[in-house]
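# Chain and residue survey
Residue strings, one per chain:
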Amino acid sequence: MGRYLIRRTLFMVLVLWIISILTFLIFMKLPPGDPARRLAGKATNEQILAQIRENLGLNKPLPVQYARFAKGLIPWPGMWLNENVYYSWSNRVAVKDEIRKRLPVTAVLTLGAAFLWLLMGIPIGIISAVKRRSLADRAGMVFALIGVSAPTFWLGLVFLFIFYYKLGWAPAPGFEIRAPLWQEVRDGKFTLAWITLAITSAAFYVRIVRGNMLETLSEDYIRTARAKGLSERRVTYKHALRASLTPVVTILGLDIAGLLGGAVITETVFELPGLGAYAIERLNALDFPPVMGVTIVAAVFIVVANLIVDIIYASLDPRVRFT
Amino acid sequence: MPEPLLEVKDLRVHFPTDDGLVKAVDGVSFSIQPGETLGIVGESGSGKSVSSLTVMGLVTRKQADITGEVIFQGQDLLQLPVEEMRTIRGAKISMIFQDPMTSLHPYYRVGDQISEAIREHRDISKKEAFDQAVDMLDKVRISQPKQRARQYPHEFSGGMRQRAMIAMALSLNPDLLIADEPTTALDVTVQAQILDLIDKLKAEFNAAVIIITHDLGVVAEHCDNIEVMYAGKIAEYGRTDDIYYGPHHPYTWGLLNSIPHLGTETERLNPIRGLPPSLINVPPGCSFNPRCPYVFDRCVRDVPELIPEDGHHAAACHLSREDKERILHEEVLANR
Amino acid sequence: MSVEVNERQEPAASPAREPLVRIQGVKKYFPITQGILFQRHIGDVRAVDGVDLEVYPGETVGLVGETGCGKSTLARVIMRLFNPTAGQIWFEGRDISSIKGRELRDLRRDMQMVFQDPYASLNPRKTVGSIIADPFELHKTVAKDKIKGEVQQLMELVGLNPEHYNRYPHEFSGGQRQRIGVARSLALRPKLIVCDEPVSALDVSVQAQILNLLEDLQNEFNLTYLFIAHDLSVVKHVSDRVAVMYLGKIVEIADGADLYREPKHPYTEALLSAVPVADPNMARRKKQIILEGDVPSPIDPPSGCRFHPRCPKSKSLATQGGDSGGVMPMCTEQEPELREMAAKHIAACHYPVEARTIEPDPQT
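Residues numbered from 1 in each chain as written. Chains lettered and ligands numbered in written order. Predicted model: local features only at pLDDT ≥ 70, side-chain atom pairs only at ≥ 80, totals over all residues.

Helices and strands together make up the secondary structure of chain B, namely twelve helices and twelve strands. Judged by the C-alpha coordinates and their principal axes, chain B covers about 65 × 50 × 45 Å. Of all 336 residues assigned to chain B, the portion counted as buried reaches 54%. Across chain B, every contact between residues at least 6 apart in sequence was considered, and the portion connecting residues at least 24 apart equals 64%. (Helix = DSSP H or I, 4+ residues; strand = E, 2+ residues; numbered from the N terminus. Buried ≥ 20, exposed ≤ 12 C-beta atoms within 10 Å, placed from the backbone. Contact = placed C-beta atoms within 7 Å.)

Written out as structure tokens, the structure reads:
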């Protein structure tokens, strides 16, 4: 087990490093225009531009510039996303601080939606599988189809239109961040966002759960369970569901991790000041350090989640061994 | 003649499918006495598994059209409500299946799976049920049963898993054990162990056993009576010696002639020509007629009845008794 | 009946002929690795652990054994589908142990294989005609416009309707699919065909058809077969000589009839006893030998004779000698060599079997 963890950790470091290089190259090499000129604004001259370049290190060779950012990847106090490098080129705000402020928003959004989509997806998936080809099954599949096909932004805007604009049941979207967020939650700022995100995600889970259940229900050990005289309920839940949900845990972990890195579309539509909205906003301003910072944080979430779900999977399925 | 333990009367199981009605079992009647070992022999598509699954209630009216009677200890199982059938299934009639590698739940410990079966039918504590499970593992000759009970199925070998299945099936002292191809997926030396185990436990637990298989050797060695099935019907039924030394059905002759015998120098096998029939478009009259070397006009018109010649031996074939005896002696036995 | 038996045994009898295939000291190990970043080699699955065998032209050699004995792996090594870890393979006197590339491809024309699973060994997306035509197209032995004719001829040869040329595998039954596999293997008129459990997945009545087909083809095309199966009665029926494998090694080789009448190795004896006999009287007279335990893993084979932990003979001899519960010491210390126990009958055992397993039926 120890060997396994060491190996996984080494791979994680490798992956993060590669992501950082790619992110750096994409951002520094691709966008047109001169960052210094953009930041300087209208009234500028060569002297100011040179000063900006000096401050931001833009006059140094690319590898050197990268190295400065790379130092901010080391998870050590003082080095991790350090303010000397990771500050917004527009307003000098430390990236670390912004992330710290915004992460809770994204977290509330993600976890709330996750709770809802599991609540919706799993039971519908089970019913669809157990009552195959019935009306309930077909309804479930239609729901899944809609959820999968409807773009998040469209669904979100439709909900906003109906429930905020027309019916006035939902509050005006957007708010200033302050911790804790209870008031915002109580005000219902997250509610529509939760529902939107949950519906689109639940659809996937309905299909996954249904597929897994159907497959599991045709396994030999289910026949054995019935042959023992167990009740259909016991067979469905204790035997079939248990085996079907294991892969779902894996997917769930990765979904949540992915969203924690920034549920960009949902946050934008509902004007939630989370990580995703932050990253997009800064990207549009061609403000590199925050983009790098959020990307790395998101990558860390996913990579760590990967490891965690693998461990959880192994704890659920006794056949899996750590090699 | 004592009361039979199980009596199946004119059982028909038809599955409606998109391609048509699959007549998996089409008029099967047989009985089994307490303590008897019955062998049901047939190839794929003969209906041997489906008949037993229907007896167990594992094929339901939601899946197929089922008619006929299955009388077990005085009750018609086909008429029983689902809940009552559940009390019988696993406790009075148990079943073990072909592939032990996939028949146990991979996530639960073996001992727990056995005690789950026990606790479903008996009101005892978890600990007591687990102890009984350990006891059963010991009875099926698994060494270190206490430790093994705490292990997961993937830690058992194929032979051990089949033993664990047998332990689970016998844990509630059933009156009837149905073994559906119990050794097909196992190595031959392990096969011998398992069949030997079933023989010994059958005596100890005083159970009747039905062995379903395609292996004529297995039924020859372990069964008192044999039923040969073809295309959803019983072709021939009788005591083991009758079937091997005095068979009266062309299909049985064909089967016996097509297997290589270890003890004899057979130069050439005599396979049955043609292929097993579709269960949707069963040939009219006797379903074996397209492949039968002795077919005559009546065979294509009338379905032959399973008429007992003496109390215990019956063959569903239109050939006269004299013809059957003649062919038996001139062709079948002479070729051995 | 006995006249026919003699006729068939003749091709294998003459010692002056050269073997078609000869293998010596062949081993095939599959490495087991472990490690953090760089995988360290910590052990091997010794699937085949030192096998010598000769197969003469025109004969059928049966290879029989249970799970983990290495018979399938051995077959694949002979076919050069695997590279041997050690040892040599000669085909028609030529050393083919390490040939590669063009040479290896040309060798394939002479050696073909029929596989076990008729459902998995045919590409479901190709028509039957295309499947059987594959060898012709790969080896370019037949002109393009003549291929269809050849394929249809092959189909007829194996008992298939040539008009079904354009059908797909799923439209055929298991037995018919196996015939397709046989046709494919026959396309290039190979000298050796390795049949790896060709009838195990088929119904009894269909098995017989395929076995008869294989026999007919052997006579017509003078084929040599290496026939692998776990069903001893099938193997004995088709083979001239039978080799019994256990845990990566051959433990006994003899003519089929001799092996059955007078097995020398306790494992062979147990194997024969375990085969269910479709004859109740014979079954009752049979000596019952039930082996204990399961087949051990080829990763860590037992010391000395690999069979010693389960050997009933070794155990009973030890008990007679006063050590109940143990086995004879030589069996744990020294691995027995294959040596000649009777005419054309070799076995590897320190204490070979003397008595018969099955009493002959006085009526036959």
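A word on the confidence of the model for chain B. In the predicted model, chain B carries a mean pLDDT of 91, and 98% of its residues have values of at least 70. Both scores are given for the predicted complex: the pTM is 0.86, the ipTM 0.89. (pLDDT = per-residue confidence, 0-100.)

Another aspect to go through is the sheet that holds strand β7 (residues 192-196) of chain C. All names here are of chain C. A sheet is described by the order of its strands in space; here eight strands give the open sequence β6-β7-β8-β3-β9-β10-β12-β11, paired in mixed fashion. Lying at the two open borders of the sheet, with one neighbouring strand each, are β6 (111-114) and β11 (339-342). On average, each strand axis in the sheet is tilted by 25 degrees relative to the strand beside it, whichever way the strands run. Bridge count for strand β9 (residues 241-246) against strand β10 (residues 249-255) is six bridges, and the pairing is antiparallel. Bridge pairing in β10 places Met245 opposite Ile250. Seen against the sheet, helix α6 (residues 174-186) touches β6 and β7 and runs at an angle of roughly 175 degrees to β6. (Pairing = 2+ DSSP bridges. Axes fitted to C-alpha atoms, helices over the stretch in contact; angles between N-to-C directions.)

We now examine the interface of chain B and chain C. Taken together, the contact pairs 41 residues of chain B with 39 residues of chain C. Elements that contribute at least two residues to the side of chain B that touches chain C include exactly α7 (188-205), α8 (216-222), α9 (240-245) and α10 (250-258) of chain B. For the side of chain B that touches chain C, the residue count by class is 17 nonpolar, 15 polar and nine charged. (Nonpolar A, V, L, I, M, F, W, Y, C, P; charged D, E, K, R; others polar.)

Residue and element names in this part refer to chain B. Taken domain by domain, chain B consists of domain 1 (6-223) and domain 2 (249-333). For domain 1 and domain 2, the distance between their C-alpha centres works out to 30 Å. Facing nine residues of domain 1, the contacting portion of domain 2 comprises seven residues. No other element matches strand β2 (residues 20-32), which puts five residues into the side of domain 1 that touches domain 2. (Domains from an automatic or database assignment.)

Glancing now at the sheet that holds strand β1 (residues 6-17) of chain B. Residues and elements named next belong to chain B. In spatial order, the strands read β2-β1-β4-β5; together these four strands make up an open sheet with antiparallel pairing. If you trace the sheet from one side to the other, it starts and ends with β2 and β5 (75-76), each paired once. Sheet topology places β1 next to β2; ten bridges connect them, and they run antiparallel. Looking at β2, one finds that Glu7 is bridged to Ser31.

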